[in-house]
Amino acid sequence: MTTQSGRAIFQAALDNAAEVGDTFGGEFGAAEDRFARWKPLLQRFTEAVDYAVTFGRGHFRAVDEAHNELCIASEILANPNRRFVRLDRRPWQGRPFRRNLLAKPNKSQRHNSGPS
């Protein structure tokens, strides 16, 4: 990727950050009964964007990771085949590449892997 195209991609991503926040905020707010602690996840995305704006595109990886977590949470909540009654977010513990979402399925959907 050339420096010029890298800058363009970076700028486009930052320009769309508000739309990302609005979209996921609306979706997660509507599912607040199942995902009560969604605001820290969205805040992490906002903070990552602010950090990248301040310190440059070399810090965009955090934006990408936070966006991935938003997408994963969205997909878990939207999955009709295994509806989760609760989606929660673990407190960030500074461990990169660790997904911080916990999903709790309905009791009727849990798989019993133990002996009968």
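In case you missed it, the structure is sitting above this.
Residues numbered from 1 in each chain as written. Predicted model: local features only at pLDDT ≥ 70, side-chain atom pairs only at ≥ 80, totals over all residues. Heavy atoms only, no water.

1. A short note on the pattern of salt bridges
Under the criterion given, the structure shown has 2 salt bridges. In this structure, R61 engages E65 in a salt bridge whose closest nitrogen and oxygen atoms are separated by 3.1 Å. Here E65 and R61 lie together in helix α4 (residues 61–78), a separation of 4 residues that amounts to about one turn. Look at R61 and you get partly exposed, because its relative accessible area is 48%. (Salt bridge = Lys/Arg side-chain N within 4 Å of Asp/Glu carboxyl O. Helix = DSSP H or I, 4+ residues; strand = E, 2+ residues; numbered from the N terminus. Buried < 20%, exposed > 50% of the residue type's maximum accessible area, 1.4 Å probe, protein only.)

2. Regarding the nonpolar core
Formed by 20 residues in total, the largest nonpolar core has its most connected members in F28, F35, F45 and L70. Contributing elements (two or more residues each) for this core: α1 (3–15), α2 (17–30), α3 (39–55) and α4. Among the elements that line this core, the one with the most residues is α3, at 6 residues. (Core = buried A, V, L, I, M, F, W, Y, C linked by side-chain atoms within 4.5 Å.)

3. Notes on α3
For α3, which comprises 17 residues, the first-to-last C-alpha distance of 24 Å matches the rise-based estimate of 24 Å (1.5 Å per residue) to within 8%. Restricting attention to buried positions, one finds in α3 the residues L41, L42, R44, F45, A48, V49 and A52. Each buried residue of α3 lies within a common arc of 150 degrees when the element is viewed along its axis, so the set occupies one face. Pointing more than 90 degrees away from the buried face of α3 are the exposed residues K39, V53 and T54. One or two positions beyond α3, positive phi appears at G56, with a value near 100 degrees. (Expected span 1.5 Å × (residues − 1). Arc of directions from axis to C-beta.)

4. Observations concerning α4
Taking 1.5 Å as the rise per residue, α4 with 18 residues should run 26 Å; its terminal C-alpha atoms sit 26 Å apart, in good agreement. Inspection of α4 places V63, E65, A66, E69, L70, A73, S74, I76 and L77 among the buried residues, and these make up the whole buried set.

5. Let's talk about the packing of aromatic side chains
Under the defined criterion, the tally for this structure stands at 4 aromatic pairs. Where F28 meets F35, the ring centres are 5.2 Å apart and the plane angle is 75 degrees; that geometry is what we call edge-to-face. For the pair formed by F28 and F35, the shared burial category is buried. A centroid spacing of 4.5 Å and a plane angle of 45 degrees characterise the contact between Y51 and F55, whose relative ring orientation is tilted. With Y51 and F55 both in helix α3 and 4 residues apart, the pair spans about one turn of that helix. Grouping aromatic residues by their ring pairs yields a cluster made of F24, F28, F35 and W38. (Phe/Tyr/Trp six-rings, centres within 6.5 Å; stacked < 30°, edge-to-face > 60°.)

6. Considering the environment of C71
The residue C71 is located in helix α4 in this model. Separated by 47 residues in the primary sequence, C71 and F24 place their C-alpha atoms 8.5 Å from one another.

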